[in-house]
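Notes for the structure review
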Amino acid sequence: MSRPASPESVPAPASGPRPVEAGERALLPDVLRGLALLGILIINVQNFAGFREWMQTGLDRGVQVFTDIFFNGRSISLFAMLFGWGAAGLLARYGPGRLARRLAVLLLIGAAHHVLVWYGDIIATYALLAFVLLFTARLTAPLLLGLAGILGGWWLAEGLLAGFGALGSSWPRFSGLPDLTPGMSFLQIVAARAATFGEDLMGGSLYNGPWLLALFALGAAAQRVGLLTRPQAHLPLLRRLAVWGLAVGLTLGVLLAWLNTQSTFAAGLLAIPVRMGGGLATALGYVGVLGMLAAQGRLGPLRAFAVSGRLAMSNYIAQSLIMTTFFYPYGGGWYGHWGAAPAVLLALIVGLVQLPVSAWLLERFGTGPLERLTRVLVYGRRARRELDRS
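A quick note: this is a predicted structure, and the numbers were derived from the prediction, not measured.

1. Here we look at empty space enclosed by the protein
Counted according to the given criterion, the structure contains three cavities of 30 Å³ or more. Looking at the largest cavity, the residues that line it are Ile42, Ile43, Gln46, Phe51, Gln64, Thr67, Asn72, Ala340 and Val344. Elements represented by at least two residues in the lining of the largest cavity include exactly helix 1 (27–49), helix 2 (58–70) and helix 12 (340–365). With three residues, the single largest contributor to the lining of the largest cavity is helix 1. When its residues are assigned to classes, the lining of the largest cavity shows five nonpolar, four polar and no charged.

2. What about the environment of Leu82?
Considering the arrangement of structural elements, one finds Leu82 in helix 3 (residues 74–94). Distance from Leu82 to Ala36, taken between C-alpha atoms, is 9.5 Å for residues 46 residues apart in sequence. Each residue touching Leu82, except ones within four places of it in the same chain, is listed here: Pro29, Leu32, Arg33 and Leu228.

3. Things to note about the side chain of Gln56
Summarising the element assignment, Gln56 is placed in the loop between helix 1 and helix 2. Polar side-chain contacts of Gln56 include one of 2.9 Å to the backbone nitrogen of Ala340. Each residue touching Gln56, except ones within four places of it in the same chain, is listed here: Phe51, Arg61, Gln64, Gly339 and Ala340.

4. Focus on the packing of helix 4 (residues 96–116) against helix 11 (residues 312–327)
Helix 11 packs onto helix 4 with a crossing angle of 15° between their chain directions and a minimal axis gap of 11 Å. With respect to helix 11, the axis of helix 4 lies roughly parallel. Helix-helix and strand crossings are classified by hand; for helix 4 and helix 11 the assignment is right-handed. When helix 4 is examined against helix 11, the residues Leu106, Ile109 and His113 are found in contact with a partner set consisting of Met313, Tyr316, Ile317 and Ser320. By residue class, the composition of the contact of helix 4 with helix 11 is five nonpolar, two polar and no charged.

5. Brief notes about the nonpolar core
Within the largest apolar cluster, 94 residues are counted, with the highest numbers of intra-cluster contacts made by Tyr126, Phe216 and Met323. Ranked by residues supplied to this core, first place goes to helix 3 with 13 residues.

6. Some words on helix 12
The end-to-end C-alpha separation of helix 12 is 36 Å, in line with the 38 Å expected for 26 residues at 1.5 Å each. At Leu355, helix 12 shows its largest kink, close to 25°, and the proline Pro356 lies no more than four residues downstream.

7. Describing a nonpolar patch on the surface
A cluster of nonpolar side chains, contributed by Leu345, Leu348, Ile349, Leu352, Val353 and Val357, occupies part of the molecular surface with about 490 Å² of accessible area. With respect to the helices, strands and loops of the structure, Val353 is situated in helix 12.

8. Notes on the pattern of salt bridges
Summed over the entire model, instances satisfying the criterion amount to three salt bridges. Residue Arg25 pairs with Asp30 through a salt bridge whose shortest N-O separation is 2.7 Å. Overall, Arg25 belongs to the partly exposed group, its relative accessible area being 32%. Overall, Asp30 belongs to the buried group, its relative accessible area being 4%. For Arg173, the salt bridge goes to Glu53, with nearest N and O atoms at 3.4 Å. On the criterion of sequence distance, the pair formed by Arg173 in the loop between helix 6 (141–165) and helix 7 (186–225) and Glu53 in the loop between helix 1 and helix 2 is long-range, its members being 120 residues apart. An identical accessibility class is assigned to Arg173 and Glu53; each is buried. Through salt bridges with shared partners, a single ionic network connects Arg25, Asp30 and Arg33.

Conventions and cut-offs
Residues numbered from 1 in each chain as written. Predicted model: local features only at pLDDT ≥ 70, side-chain atom pairs only at ≥ 80, totals over all residues. Heavy atoms only, no water. 1 Å grid on protein atoms, 1.4 Å probe; cavity = no way out; pocket = protein on both sides within 12 Å on 5 of 7 lines; lining within 4 Å. Points joined across faces, edges and corners; volume = space filled by probe spheres on them. Helix = DSSP H or I, 4+ residues; strand = E, 2+ residues; numbered from the N terminus. Nonpolar A, V, L, I, M, F, W, Y, C, P; charged D, E, K, R; others polar. Contact = heavy atoms within 4.5 Å. Polar contact = N/O pair within 3.5 Å; in protein donor to acceptor, adjacent residues only side chain to side chain. Axes fitted to C-alpha atoms, helices over the stretch in contact; angles between N-to-C directions. Parallel < 35°, antiparallel > 145°, perpendicular 65-115°, else oblique. Left-handed = near helix turned anticlockwise from the far one by under 90°. Core = buried A, V, L, I, M, F, W, Y, C linked by side-chain atoms within 4.5 Å. Buried < 20%, exposed > 50% of the residue type's maximum accessible area, 1.4 Å probe, protein only. Expected span 1.5 Å × (residues − 1). Bend = angle between axes of the 7 residues up to and from the residue. Patch = residues over 30% accessible without salt bridge, like charges linked within 9 Å, V, L, I, M, F, W, Y side chains within 5 Å. Areas by Shrake-Rupley, 256 points an atom, 1.4 Å probe, with all protein chains shown as cover. Salt bridge = Lys/Arg side-chain N within 4 Å of Asp/Glu carboxyl O.

Set out below in structure tokens:
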């Protein structure tokens, strides 16, 4: 008896392209995406709240150390790999035209998020860089891994060289926080972001491009072999990822936590490659652990994160709306007044509340508002009819 085709190898339906329905989705990618989304909020709250990691003391420092070891760079690496995984699946299922259309829609949504809500948007950057994936349809998993190794290794080496070159510098550490002053209005902040949007997008894409493309390539390689949809077929690989990924990643996480207690310019530069290199290793370790649990049907309470993962874009932008409204001058005005401990607690509460809200949205509407908009724009009237029936 022949083995059923995996979701990666299923061609587009004869009736035309359509979005993947709930019954066709694998559980593991959605769980991973939901967990990554919570981790991203826990890290992004530093930027929303306006605290500097190296200035934390007492309980705040303890929370900062914990998040550096287990979340900082880990969640965003996992999220980026899942973005590459999803883009590769769409490319294999429907071809470059449909992927290009989706990326164009995401670019517009990301631009609106950046200008109107929060300058730290990643959607537009991901969408712009992911156009490169249109040229990878014929690349095998080994070639994608090789591409990821070259791009990622080069980016990490450049970062380490810059950091070591700054040793002994008397310059103060940079924060990367937005320049917000009490009393600034919503329109003033929006105007400032709009004025620099193009520069921010291109600058961020050029600087982070090699690293993000490496992560996208890793995700695409996982899609090629069905790592996330058929984890039971890859248990030896998942075990190696769990052991070596966590061993390397958590060790580098401890180093990152130490660097984030230092106020020097060199420490700030070195923290970037240590954060992302250790983040990738730990993220792969998390994939290994959760992949083995999924293969054994033992995800347990972690299954709850699948609903958040299915509405990742709506939840991600909702996080920005909630946090900027609470912290920014035109809202609660708490920017610069909170340390790591209360800010991370707030992020944890918001992220966990999104789970039952996501479950309700899925039960009531079948999808989230931004997911609905994206599906209609990408798949056209067929998606609209199917959404109306859901």
